[in-house]
Amino acid sequence: MKLAILCSGRGSDLQSIIDSIQRGELQAEIEVVITDKPNVQALDRAAKAGIKNICVDRKNFSSREDFEKEILKNLSEIDLVILAGFMRILSPEFVKKFSGRLMNIHPSLLPSFPGAHAHRDVLAYGVKVSGCTVHFVDEGTDSGPIILQSAVEVLDDDTEETLSARVLEQEHKIYPQAIKLFVEGKLKIEGRKVKILN
Ligand code: GRF
């Protein structure tokens, strides 16, 4: 099974997937890591693991269509596209093309707190439990069918940094697990629901 991973920055979720493959837990190959920004840590992590890595710098494209066209050139052989901290909204055309084989991870318990500032919003609202969600991507923002979730307690003295660090620990567990389920053919999408087969 051939994976492509799209990132924008630090790439710790990417690293958890690389590690899971290297430990032999996840039987898949990362064909390419693509970032929308130059000089980000995700590119170094891919290079260090011997994975082809490409920056498609959004700044070099006047439209999202042209930017995505360039990304798509690298995805013709790919079975599953994984968004791992990729901070761009993909077009409906792109999402349709990879329907059922495009995944994202979001740092909250969706459908609560979608969007780019989940931890900030969680703390401002005062909820006692947060977490992370792996989901298939649909044409909305953080709204696709949910594959796996993991909950994390929100502490009274949490900051965005401390909460995000504890949520990330869970992200690094459930993202490789969700990908493994996909690779093993165990995910069945039925409308809004994702059934996990035995
Ligand atoms: C993670 O919190 C992920 O849930 C969100 O962006 C962050 C990416 O972190 N989509 P990293 O770049 O993988 O370290």
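Predicted model only: the values in this text are computed from it and were never measured. (Residues numbered from 1 in each chain as written. Predicted model: local features only at pLDDT ≥ 70, side-chain atom pairs only at ≥ 80, totals over all residues. Heavy atoms only, no water.)

Draft legend 1. Region of interest: the overall build of the chain. Along the chain, the regular secondary structure elements total six helices and nine strands. Computed over the C-alpha atoms, the radius of gyration of the chain is 16 Å, within 12% of the 16 Å expected from 2.2 N^0.38 for a compact globule of 198 residues. With the C-alpha coordinates aligned to their principal axes, the bounding extent of the chain is approximately 45 × 40 × 35 Å. Taken over 198 residues, the chain has a buried fraction of 47%. Restricting the contact set of the chain to residue pairs at least 6 apart, pairs at least 24 apart contribute 60%. Surface exposure of the chain reaches about 10,100 Å², of which carbon and sulfur atoms provide 48%. (Helix = DSSP H or I, 4+ residues; strand = E, 2+ residues; numbered from the N terminus. Rg over C-alpha atoms; globule rule 2.2 N^0.38 Å. Buried < 20%, exposed > 50% of the residue type's maximum accessible area, 1.4 Å probe, protein only. Contact = heavy atoms within 4.5 Å. Areas by Shrake-Rupley, 256 points an atom, 1.4 Å probe, with all protein chains shown as cover.)

Draft legend 2. Local environment of unusual backbone geometry. The omega torsion of the bond from L110 to P111 falls at 10 degrees, within 30 degrees of zero and hence cis. You can see P111 is positioned in the loop between β5 (102-106) and α5 (118-125). Notably, N39 is not glycine yet its phi reads approximately 55 degrees, a positive angle. Structurally, N39 is set in the loop between β2 (29-35) and α2 (41-48). Judged by its relative accessible area of 76%, N39 falls in the exposed class.

Draft legend 3. The arrangement of a negative patch on the surface in detail. A surface patch of like charges, here negative, comprises E65, D66, E93 and E139. Take E139: its relative accessible area is 49%, and that puts it in the partly exposed class. (Patch = residues over 30% accessible without salt bridge, like charges linked within 9 Å, V, L, I, M, F, W, Y side chains within 5 Å. Salt bridge = Lys/Arg side-chain N within 4 Å of Asp/Glu carboxyl O. Lys, Arg positive; Asp, Glu negative; His and termini not counted. Charge placed at Lys NZ, Arg CZ, Asp CG, Glu CD.)

Draft legend 4. Examining the environment of Y175 more closely. With respect to the secondary-structure elements, Y175 resides in helix α6 (residues 160-183). Note on Y175: relative accessible area 0%, which makes it buried. Sequence separation of Y175 and G24 is 151 residues, and the distance between their C-alpha atoms is 15 Å. Among all residues touching Y175, those that are not within four sequence positions of it are D13, I17, I82, L83, A84, M103, N104, I105 and V134. Here the side chain of Y175 touches L83 through a polar contact of 2.7 Å, landing on its backbone oxygen. (Polar contact = N/O pair within 3.5 Å; in protein donor to acceptor, adjacent residues only side chain to side chain.)

Draft legend 5. Seen up close, the sheet that holds strand β7 (residues 146-153). Taken in spatial order, the seven strands line up as β3-β2-β1-β4-β5-β6-β7 in an open sheet, and their pairing is mixed. Of all the strands in the sheet, just β3 (53-55) and β7 have a single pairing partner and so form its edges. With direction set aside, neighbouring strand axes in the sheet form an average angle of 20 degrees. The pairing of strand β1 (residues 2-7) with strand β4 (residues 80-83) spans four bridges and is classified as parallel. Paired with I5 across the two strands is I82, which belongs to β4. Set on the sheet, α6 makes contact with β1, β4, β5, β6 (129-136) and β7; between it and β7 the angle comes to about 155 degrees. (Pairing = 2+ DSSP bridges. Axes fitted to C-alpha atoms, helices over the stretch in contact; angles between N-to-C directions.)

Draft legend 6. Local environment of the side chain of E171. You can see E171 is positioned in helix α6. Of the side chains bearing the opposite charge, R10 lies closest to the buried E171, which forms no salt bridge; the N-O distance is 6.5 Å. Among residues more than four places away in sequence, those in contact with E171 are D13, I105, P107, C132 and P176.

Draft legend 7. How the structure looks around the site of the ligand. Every residue close to the ligand is listed here: R10, G11, S12, D13, G85, I105, H106, P107 and E171. A distance of 2.8 Å separates an oxygen atom of the ligand from a polar atom in the backbone of D13. Here a nitrogen atom of the ligand sits 3.1 Å away from a polar atom, N or O, in the main chain of I105. Burial of the ligand by the protein amounts to 86% of the accessible area it has alone, namely 370 Å². Split into classes, the residues belonging to the shell around the ligand amount to two nonpolar, four polar and three charged. (Near = heavy atom within 4 Å. Nonpolar A, V, L, I, M, F, W, Y, C, P; charged D, E, K, R; others polar.)

Draft legend 8. Layout of the packing of aromatic side chains. Per the counting criterion, the structure on display carries four aromatic pairs. Between F94 and F98, the ring centres sit 5.3 Å apart and the planes meet at 40 degrees, which makes this aromatic pair tilted. (Phe/Tyr/Trp six-rings, centres within 6.5 Å; stacked < 30°, edge-to-face > 60°.)

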